[in-house]
Every structure is written in structure tokens, then in C-alpha cells.
Amino acid sequence: GNSVTQMEGPVTLSEEAFLTINCTYTATGYPSLFWYVQYPGEGLQLLLKATKADDKGSNKGFEATYRKETTSFHLEKGSVQVSDSAVYFCALSEVNFGNEKLTFGTGTRLTIIP
Amino acid sequence: KAGVTQTPRYLIKTRGQQVTLSCSPISGHRSVSWYQQTPGQGLQFLFEYFSETQRNKGNFPGRFSGRQFSNSRSEMNVSTLELGDSALYLCASSEDIYGYTFGSGTRLTVV
């Protein structure tokens, strides 16, 4: 079955540091890939997505590139801010005879200190 | 467009009771999915409805059920509540596999 493995947390960085959160996946076909962010007490917000190999998703300074050869979708940001503190989830979805659903990684808690 | 609305936001129930949670998707979205989030198990897929039909189901016991109405609003029901059912229940609506929009969730506490 499909699975997503992402970097264990928690991750603590200083403001303006470079961020990478690793994500790799296993899928039988050609999934779409997502990063979601969850702030305390809230639901999930879509951060960015990529629907095919070599696509780059980007939003709010975050980027991730769909790498089919390495089955990866690592999240990066050049200069993090305190407001980026949240839990980040990597996820995939794949059409499989009407079996559409999101498969999530375990989440990575990110804390940015001023 | 209004977002995905889940009600209630918080719920406290006693073991053995049943509970019904509601989700109103984004207008025009016909697919509604439900997920359970717990610290131990993370985000787990419960089921998905499309045009009033359950299209997909996760590995949860039969105590967990759902339905979707003709206006795409969905409800999920948990009967005979157990302490382990305490979780954040998230609903997501979508037009296709490329975009799922989540609600703020219903936090259920079973005591």
C-alpha cells in the first residue's frame, strides 16, 4: 500500500535559518503530493502541492519539488520566521479505482525561536 | 467561497454514548472525507463519500459510520463510545484528487 515517511521532529531553528523537512513516499502509481500545515487548535491548511514528476510547489516562501527518481518531496524554506512554528504533514493521494484518499506522514513539529 | 464547516467544535461525551458530527463542504464539492487525528496514531482515514455513496473506507470498526446528503453535507456517527475514540475529527472536501480543503475539526473527548 501507499505510505509516507517524513523527518522525525521536533525541529527547532532560529529565526532566519534555512529549513528542510524530508519526506519520502511509496506508491504503486503516480500520486499527487502535498504539504499541509497545522497551527495549534486548528485543522489542516494546504501549504503546497505537486501533481506530477519534476513539478515544484511553492507558497509563502516554502518550496518542494516532486522527485520521482528518489520518491521524495522535501519541504524547504530559505529564511524561517517565528510565525512558521507549526506541525507540517507530508501527504499523497492516488487515484485507484475510486479509492481516493490522503495518506499522511506522522508530522514534523517545527519551532522557530527569535 | 465559504470554507469547510464542521460542527460542533468541541464535544464531551461519556463512554457508551453515541455522537454525531457534521461537515458542510465547500459549495460545489461532491467528495467529503473524514479523518481521525490522535497523538498516537496520527492522521488516519475513516471514509469518503461522493454523491451520497460511500466510495472508500478505512480500517475502523463498524461503530464508525457516516452518510452524505443530497446537498453534499456529511455526518459521521460513532456509537458505543470508547475512551480511545477521543480525537480530533477532521473533514475534508474536494473536487478532485488535487485539492483537499479541511475544516477546523471537531475535538471529541470521551470521559
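As the structure is a computational prediction, the values presented were derived from the model and not from experiment.

Enquirer: Hey, could you run me through the state of the cysteines in this one?
Expert: Each disulfide is one covalent bond, formed between the sulfur atoms of two cysteines. All names here are of chain B. On inspection of all chains with the given rule, the structure shows two disulfides over all chains. There is a disulfide in this structure between cysteine 23 and cysteine 91, and the S-S distance comes to 1.7 Å. One disulfide, between cysteine 23 and cysteine 91, carries an S-S torsion of -55° and so falls in the left-handed class. A residue pair is termed long-range when its members are at least 10 positions apart, and cysteine 23 in strand 3 (residues 19-24) and cysteine 91 in strand 9 (residues 87-94) qualify at 68 residues.

Enquirer: Is there a simple way to explain the sheet that holds strand 8 (residues 62-65) of chain A in this structure?
Expert: Two modes of strand pairing occur in sheets, parallel and antiparallel, and in both the strands are linked by backbone hydrogen bonds. Residue and element names in this part refer to chain A. Spatially, the four strands line up as an open sheet ordered 3-9-8-7, and their pairing is antiparallel. Whereas interior strands pair on both sides, the edge strands pair on one side only; in this sheet they are strand 3 (19-21) and strand 7 (56-59). Direction aside, neighbouring strands of the sheet carry axes that sit 15° apart on average. Bridging between strand 3 and strand 9 (residues 75-77) involves three bridges; their strand directions are antiparallel. Note on strand 9: the bridge partner recorded for threonine 20 is glutamate 76.

Enquirer: Before we go on, may I ask you to explain the nonpolar core in this structure?
Expert: What tends to happen in soluble globular proteins is that the nonpolar side chains get buried as a cluster. Counting 25 residues, the largest nonpolar core has Trp35, Leu48, Phe73, Leu75 and Tyr88 of chain A as the members making the most contacts within it. Residue assignment for this core shows that the elements contributing at least two residues are strand 2 (11-14), strand 3, strand 4 (23-26), strand 5 (32-38), strand 6 (44-50), strand 8, strand 10 (86-93) and strand 12 (108-113) of chain A. At four residues, the largest contribution of residues to this core is made by strand 10 of chain A. Apart from the residues lying within four places of it in its own chain, the contact partners of phenylalanine 73 of chain A are Cys23, Leu33, Phe34, Trp35, Leu48, Lys49, Ala50, Ala64, Thr65, Tyr66 and Cys90 of chain A. Within the second largest apolar cluster, 21 residues are counted, among which are Leu46, Tyr49, Phe64 and Cys91 of chain B.

What counts and what doesn't
Residues numbered from 1 in each chain as written. Chains lettered and ligands numbered in written order. Predicted model: local features only at pLDDT ≥ 70, side-chain atom pairs only at ≥ 80, totals over all residues. Heavy atoms only, no water. Disulfide = S-S within 2.5 Å. Helix = DSSP H or I, 4+ residues; strand = E, 2+ residues; numbered from the N terminus. Pairing = 2+ DSSP bridges. Axes fitted to C-alpha atoms, helices over the stretch in contact; angles between N-to-C directions. Core = buried A, V, L, I, M, F, W, Y, C linked by side-chain atoms within 4.5 Å. Buried < 20%, exposed > 50% of the residue type's maximum accessible area, 1.4 Å probe, protein only. Contact = heavy atoms within 4.5 Å.

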